[in-house]
Amino acid sequence: MPIVEIDNISKSFGSNHVLKGVSFAVERGQVIAVIGRSGSGKSTMLRCINGLETIDSGSIVVAGHTLTARQEHLLDLRKDVGMVFQSYNLFPHLTVEENVMLAPRIVKKVPDVQGRATALRVLKQVGLDHKREAYPEQLSGGQQQRVAIARSLAMEPQVMLFDEVTSALDPELTQEVLKVMEELAQAGMTMLLVTHEMEFARRMADVTVFMHQGLVWESGPSEAFFSNPQTPEARQFVGAGA
Ligand code: ADP
Ligand code: MG
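Residues numbered from 1 in each chain as written. Chains lettered and ligands numbered in written order. Predicted model: local features only at pLDDT ≥ 70, side-chain atom pairs only at ≥ 80, totals over all residues.

## What to know about the overall build of the protein chain
A count of helical and extended segments in the protein chain gives nine helices and 10 strands. A compact globule built from 242 residues should have a C-alpha radius of gyration of about 18 Å, and the protein chain, at 18 Å, falls within 12% of that. For the protein chain, the spread of C-alpha atoms along the three principal axes comes to 50 × 40 × 35 Å. Taking all 242 residues of the protein chain together, the buried fraction comes to 42%. (Helix = DSSP H or I, 4+ residues; strand = E, 2+ residues; numbered from the N terminus. Rg over C-alpha atoms; globule rule 2.2 N^0.38 Å. Buried ≥ 20, exposed ≤ 12 C-beta atoms within 10 Å, placed from the backbone.)

## Here we look at the nonpolar core
Nonpolar side chains in soluble globular proteins generally cluster together in the buried interior. Ala 150 and Leu 192 are the most contacted members of the largest nonpolar core, which totals 68 residues. Here Leu 192 is in contact with Val 4, Val 26, Ile 32, Val 34, Leu 46, Val 159 and Leu 161, once residues within four sequence places are set aside. (Core = buried A, V, L, I, M, F, W, Y, C linked by C-beta atoms within 7 Å. Contact = placed C-beta atoms within 7 Å.)

## Looking at the packing of helix H3 (residues 96-108) against helix H5 (residues 141-153)
Their axes nearest at 8 Å, the elements H3 and H5 cross at an angle of 30°. The orientation of H3 with respect to H5, classified from their angle, is roughly parallel. Pair H3 / H5 crosses with right-handed handedness. Facing Val 96, Asn 99, Val 100 and Ala 103 of H3, the residues of H5 in contact are Val 147, Ala 150 and Arg 151. Of the residues that constitute the contact of H3 with H5, the class distribution is five nonpolar, one polar and one charged. (Axes fitted to C-alpha atoms, helices over the stretch in contact; angles between N-to-C directions. Parallel < 35°, antiparallel > 145°, perpendicular 65-115°, else oblique. Left-handed = near helix turned anticlockwise from the far one by under 90°. Nonpolar A, V, L, I, M, F, W, Y, C, P; charged D, E, K, R; others polar.)

## Quick word on the site of ligand 1
Neighbouring residues of ligand 1: Phe 13, Asn 16, Val 18, Gly 36, Ser 38, Gly 39, Ser 40, Gly 41, Lys 42, Ser 43 and Thr 44. Elements with a minimum of two residues in the shell around ligand 1: strand E2 (16-26) and helix H1 (42-49). Considering every element that reaches the shell around ligand 1, the biggest residue donor is H1, with three residues. Per-class residue counts for the shell around ligand 1 are two nonpolar, eight polar and one charged. (Near = placed C-beta within 6 Å.)

## Observations concerning unusual backbone geometry
Positive phi values are uncommon outside glycine, yet Asn 8 reaches one of about 55°. Mapped onto the fold, Asn 8 is located in strand E1 (residues 4-13). Looking at Asn 8, the number of C-beta atoms within 10 Å reads 13, which means it is partly exposed. For Gln 213, which is not glycine, the phi dihedral falls at a positive 50°. Mapping Gln 213 onto the fold places it in the loop between strand E9 (207-212) and strand E10 (215-221).

## Points about the sheet that holds E10
Taken in spatial order, the six strands make up an open sheet running E6-E7-E8-E3-E9-E10, and their pairing is mixed. Each having just a single partner strand, strand E6 (81-84) and E10 make up the two edges of the open sheet. Within this sheet the neighbouring strands show an average axis-to-axis angle of 15°, counted without direction. The sheet contact formed by strand E3 (residues 31-35) and E9 spans four bridges and is parallel. (Pairing = 2+ DSSP bridges.)

## Here we look at the environment of Thr 44
Mapping Thr 44 onto the fold places it in helix H1. Among the residues examined, Thr 44 registers 22 C-beta atoms within 10 Å and is labelled buried. Once residues lying within four places of it in the same chain are set aside, the contact partners of Thr 44 are Lys 11, Val 18, Leu 19 and Glu 53.

## Some details on the sheet that holds E2
Sheet strands associate in pairs through backbone hydrogen bonding, adopting either a parallel or an antiparallel arrangement. The strand order across the open sheet built from four strands is E2-E1-E4-E5, with neighbouring strands paired in antiparallel fashion. Among the strands making up the open sheet, the edge pair consists of E2 and strand E5 (65-67). Direction aside, the axes of adjacent strands within the sheet are offset by 20° on average.

Written out as structure tokens, the structure is:
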């Protein structure tokens, strides 16, 4: 059974029909890259998956939680689905460790002894255990984004969603964040990532989904997709032809 199953979802903002019947599935342990032009609905789709937006119709089943137009149990859902954004949104007045400990403490009532041990483990995972006591402003953008990833991991999610997490970073810092994501994927994490990093998508993602005008325009195994896109729109987007 897929861990994420999106079935014919639609979403409008007023008269703007943003998702027009999007369907696809993610198997446990898979890495899926979502690509497409700005405005094609990528972020809206991710936000629907963790309940930040409600869908108008269709259904989403994620980690055993069913999301419909009427949403309930969002807290339970968000324990299982981590999301990382382009802006890291760390709390500036909290240390790195405190930032990472916060959600488990509040949402899962994890005691501090355990929370601190988890924080240490996930900070090691992103290579920042030595920055435990630092404040966000003392870190580079790449380091802050790695803390944001650690903060999500601390909730021990079953699925991680990444929305253009490297778009605000310089190339060098982008690479350190991509490396952390690559290690996560290799460790077996199920990941759905919206990205502009085509090489990364091609190399890392099992499947690439190309969104266009609110639809899954084309999707397939990444290597096949990138080496031989089938639609003119995808060809033009990946720059392989047109
Ligand atoms: P992408 O991530 O592919 O660039 P988005 O999902 O962010 O696309 O946006 C798709 C469309 O939905 C855009 O036209 C955008 O203006 C619109 N949109 C996204 N979020 C909102 C919102 N909260 N309210 C109104 N319109 C929105
Ligand atoms: Mg977006």
